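Structural overview
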Amino acid sequence: MESPFKVDIVKGKVALITGGGSGIGFEITKEFGRHGASVAIMGRRKSHLDSAVSSLRSLGIQAIGFVGDVRNNEDATRVVDSTFAHFGRIDILVNAAAGNFLVAAEDLSPNGFKTVMDIDTVGTFRMCHEALKYIKKGGPGREDTSGGGTILNVSATLHYSATWYQIHVSAAKAAIDAMTRSLALEWGTDYDIRVNGIAPGPIDDTPGLSKLDPHEMKTIQSGAPTHQTILGEKWDIAMAALYLASDAGKHINGTILVVDGGDWFNRAPH
Ligand code: HXC
């Protein structure tokens, strides 16, 4: 779909996107690139990264991929430092890496719970922590900029009510939202960094949706759908990310922007 934004709204900015090789992370990466940013993507699977980078470059986007797992301290340090070494600055960090599977709480091992917390929540914190030195006001590469950069954390709406078979992800995403607000407060005040979240509802053509078919989940709950979920597109999330990361969002800090067409209002706990 055609973008409603000017093509240069993030021109000259450098964005690092975890989970940028596929799904929502890739769409955010692509739209940042199409609107003028240089992009670095981090992911666990080299083959995904390689094909994502070639596809970005074929669009004329300055792109590089770094293999790494957000659960690993050394990987996080290496990827953040390599992004800076390659592009000379980091303006935007997007935490889109996530892990997920559908499982009943009684069948989920504590290690399974911890695995998703480690990827989603601790991974997000780790990347924020590593990137701080480059994104903060006055950091290396920011000599031409008067302020700090910005961070976007991708969460979900699962935890606004209760979602079947998603106890681990609901907890992880709720913690991400809490972290977004705390970082917005501390780093907004101290370092002029804006930290915001995006909470997608069910989004078509994503790994998340293919694992969590909402129609199937409703059938599991009640035997019949109580309302018709309208799926969003990855594009919707990318446009929200562009808005928040660009100067259009310069006065927005600590917000979790729900992008779900109003779906979560209909999802009361049973
Ligand atoms: C129960 C499971 C399980 C499953 C893993 N575990 N899969 N338990 N059901 N289907 C448990 C294992 O038994 C183990 O615990 C622990 O989790 C670690 O498993 P590993 O396989 O060793 O972990 P790992 O290889 O690191 O894989 C991570 C993963 C994986 C999260 C488990 O599925 C993954 O990375 N998936 C791809 C990423 C993904 O799905 N992205 C989409 C996110 S969508 P024990 O006790 O046995 O040692 C999203 C949107 C949310 O986030 C909102 C949707 C609406």
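Residues numbered from 1 in each chain as written. Predicted model: local features only at pLDDT ≥ 70, side-chain atom pairs only at ≥ 80, totals over all residues.

Per an unreviewed UniProt entry, the recorded name for the chain is Secoisolariciresinol dehydrogenase, and the organism is Papaver atlanticum.

1. Focus on unusual backbone geometry
A positive phi angle, close to 60 degrees, is found at Asp-192, a residue other than glycine. Within the secondary structure, Asp-192 sits in the loop between helix H5 (167–191) and strand E6 (194–200). What makes Asp-192 partly exposed here is the crowd of 19 C-beta atoms within 10 Å. Look at Asp-205: it is not a glycine, yet its phi comes out positive at around 60 degrees. The topology assignment puts Asp-205 in the loop between E6 and helix H6 (207–211). By the C-beta count within 10 Å, which is 12 here, Asp-205 ends up exposed. (Helix = DSSP H or I, 4+ residues; strand = E, 2+ residues; numbered from the N terminus. Buried ≥ 20, exposed ≤ 12 C-beta atoms within 10 Å, placed from the backbone.)

2. A word on the site of the ligand
Residues in close proximity to the ligand total 19 residues, the closest being Ala-98, Gly-99, Ser-109, Gly-112 and Gly-208. Secondary structure elements with two or more residues in the shell around the ligand: helix H4 (110–135) and H6. Here the shell around the ligand gets five residues from one element, more than from any other, and that element is H4. Among the residues forming the shell around the ligand, the class breakdown is 12 nonpolar, seven polar and no charged. (Near = placed C-beta within 6 Å. Nonpolar A, V, L, I, M, F, W, Y, C, P; charged D, E, K, R; others polar.)

3. Side note on the nonpolar core
Counting 68 residues, the largest nonpolar core has Val-39, Leu-93, Ala-131 and Ala-241 as its most contacted members. The dominant element in this core, judged by the number of residues it contributes, is H4, at eight residues. (Core = buried A, V, L, I, M, F, W, Y, C linked by C-beta atoms within 7 Å.)

4. Considering the environment of Leu-59
Position of Leu-59 among the secondary structure elements: in the loop between helix H2 (46–58) and strand E3 (63–67). Leu-59 sits in the exposed class, given 10 other C-beta atoms within 10 Å. Spatially, the C-alpha atom of Leu-59 lies 8.7 Å from that of Lys-30, the residues being 29 residues apart in sequence. Look past the residues within four positions of Leu-59 in its chain and what remains in contact with it is Gly-33 and Arg-34. (Contact = placed C-beta atoms within 7 Å.)

5. Some details on the confidence of the model for the chain
In low-pLDDT regions, the fine details of the predicted coordinates are not to be read closely. Taken over all residues, the pLDDT of the chain has a mean of 92, while the share at 70 or more is 91%. With pLDDT under 50 throughout, residues 219–225 is counted as low confidence; its partners more than four residues away or in other chains account for five contacts. We note a pTM of 0.94 for the whole complex and an ipTM of 0.96 for its interfaces. (pLDDT = per-residue confidence, 0-100.)

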